[in-house]
Amino acid sequence: MRSIKEKVLLNFGSTVLPMTAGLVAIPILIENMGVERFGLLSIAWMIVGYFGLLDMGLGRALTQRIASNLGAGKVDNIKPIISFSLKIVLVVGITSATALFLFSDYLVFNVFDITETYREETKYGMYWVALTIPLVVLSTALFGILEGFQYFGWTAVIRLPLNILMFFAPVAGLWVGESLDIAIFTLFVVRFLTFVALSFVIYRELKGFQASRISKEEKRSLLTFGGWISLSNLVSPIMVYFDRFYIASVLGASLVAYYTTPLDLLVKATLIPFAIISVMFSFFATHWHEDWQKVVDAYKKTLAFIFAIMLAFLIVVYFGAEIGLRVWIDQEFSSNSYQLAQILAIGIFFNGLAMVPFALVQGIGRSDLTAKFHLFELPIFIFMLVYGVAEYGLIGAAWAWTARVTLDCALLISTSLVLLKGKRCA
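Basis of the calculations
- Residues numbered from 1 in each chain as written.
- Predicted model: local features only at pLDDT ≥ 70, side-chain atom pairs only at ≥ 80, totals over all residues.
- Heavy atoms only, no water.
- Helix = DSSP H or I, 4+ residues; strand = E, 2+ residues; numbered from the N terminus.
- Expected span 1.5 Å × (residues − 1).
- 1 Å grid on protein atoms, 1.4 Å probe; cavity = no way out; pocket = protein on both sides within 12 Å on 5 of 7 lines; lining within 4 Å.
- Points joined across faces, edges and corners; volume = space filled by probe spheres on them.
- Nonpolar A, V, L, I, M, F, W, Y, C, P; charged D, E, K, R; others polar.
- Axes fitted to C-alpha atoms, helices over the stretch in contact; angles between N-to-C directions.
- Parallel < 35°, antiparallel > 145°, perpendicular 65-115°, else oblique.
- Left-handed = near helix turned anticlockwise from the far one by under 90°.
- Contact = heavy atoms within 4.5 Å.
- Salt bridge = Lys/Arg side-chain N within 4 Å of Asp/Glu carboxyl O.
- Buried < 20%, exposed > 50% of the residue type's maximum accessible area, 1.4 Å probe, protein only.

Peer 1: So what exactly am I meant to see when it comes to helix α13 (residues 331–363) here?
Peer 2: The periodicity of an α-helix, 3.6 residues per turn, causes residues three or four places apart in sequence to face the same way. Taking 1.5 Å per residue as the helical rise, α13 with its 33 residues ought to reach 48 Å, and the 45 Å between its terminal C-alpha atoms agrees with that figure. Just past α13, the residue Gly-365 takes up positive phi, approximately 100°.

Peer 1: Is there a simple way to think about the layout of surface pockets in this case?
Peer 2: To find leftover empty space, one rolls a probe the size of a water molecule over the atoms. Approximately 350 Å³ is the volume found for the second largest pocket. Around the second largest pocket sit 15 residues that line it, and Leu-23, Leu-265, Leu-266, Phe-313 and Val-317 are the ones nearest its centre. Broken down by secondary-structure element, the contributors of at least two residues to the lining of the second largest pocket are α2 (19–33), α10 (253–267) and α12 (292–328). Residue contributions to the lining of the second largest pocket peak at eight residues, all from α12. In terms of residue class, the lining of the second largest pocket is built from 13 nonpolar, two polar and no charged.

Peer 1: Quick question: what am I supposed to make of the packing of helix α11 (residues 271–287) against α13 here?
Peer 2: The relative placement of two packed helices comes down to the angle between their axes together with the axis-to-axis distance. As a packed pair, α11 and α13 sit with axes 8 Å apart at the nearest point and diverge in direction by 20°. With respect to α13, the axis of α11 lies roughly parallel. Every pair of crossing elements has a handedness; the one defined by α11 and α13 is right-handed. Residues Pro-273, Phe-274, Ile-277, Phe-281, Phe-284 and Ala-285 of α11 pack against Gly-352, Met-355, Val-356, Ala-359, Leu-360, Gln-362 and Gly-363 of α13.

Peer 1: Even after reading the chapter, I still don't get the pattern of salt bridges, so can you show me in this structure?
Peer 2: Two side chains carrying opposite charge are able to pair once their charged atoms lie near each other. Enumeration over the complete set of coordinates arrives at four salt bridges. Across the pair Arg-37 and Glu-121 runs a salt bridge, and its minimum N-O distance is 2.6 Å. Taken as a pair, Arg-37 in helix α3 (residues 35–51) and Glu-121 in helix α6 (residues 116–148) lie far apart in primary sequence, 84 residues in all. Here Glu-121 falls in the buried class, since its relative accessible area comes to 12%. If you follow the salt bridges from partner to partner, you end up with Arg-366, Asp-368 and Lys-372 in one network.

Here it is in structure tokens:
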């Protein structure tokens, strides 16, 4: 059994190292595709990421239930849980893909403010996005299975090339042409190869487990936990990505890249805490009932470590945004984006910090709380976004996003402290 440090390092390598791919690929894509095309590509990345969360919450639920059952020694429950979950995820993926396929023309011609020149290639690009969705949804669940078993070696081996190729595949597509649909087709190919690799690994790892029927109690636990996660996954990405759609429809697609480029780059910094809390989520789920003190100690150390990392990140970005964007892209882009990057960096700090209590709250089975927090935050965020964009343009959007993630962080930390105190008193 690998130590926690080894698991974190494996997860870190597969999620954080590919950040350098974005640093190299994004300027190339902007230069060759143009700002508007690249802005539309960033929206395609966002849609794929969003639908990857619409798996009925079963990816996260699988991690929690597998880890919890392994901790309790209930290995006979593992295979039926996985089989039951994947059937549901497959149906959700196909349904989501069909819905996007049917509404893609409406999005292109009625929702997004797209220059006439790019509309046709955007339409065909959306078709490829729709075909990618079932692969993404299924892959999310398959990654959840590997993390539940704490097979972080396999997740690293598969996730590393996935995260790198999500940037470099569109760059490779430039050899064929600069059209948006070609770039999105390359993303489909990457996701297909990832799904094949995950399927092969999990089939091999599960051969030794006995097949049996899933109990009604296990179904209920899985669907209840997954249902709350699914609700959270429906609402949370709206708050993460709605600003992009709103900016594209109100201010125009040509301005989206000035907002999404610093945001997408800065969000990659949360891969650092993500690499850690993906491991800690399984740890919290496994040890919550058996060794409460071990959970408390791990929670405190993880929170302090991530606080230090994210604070250093905030300081560097805040004071280096202008020159960094100028060197990375050009002077014009820096002038339009550096203040946005400074504001968004504050939000990224709190967003990264919030991942620790988020992992604890969900790891111990209280996914209902995170969903309720997101429902509470959604109308507040939409109001701040609409008002901010109307009054201050892109700056207003950046402050709205930052205020929302700061509120989320405060709610999660407060709740985690209450849960830990309640467990001690129980």
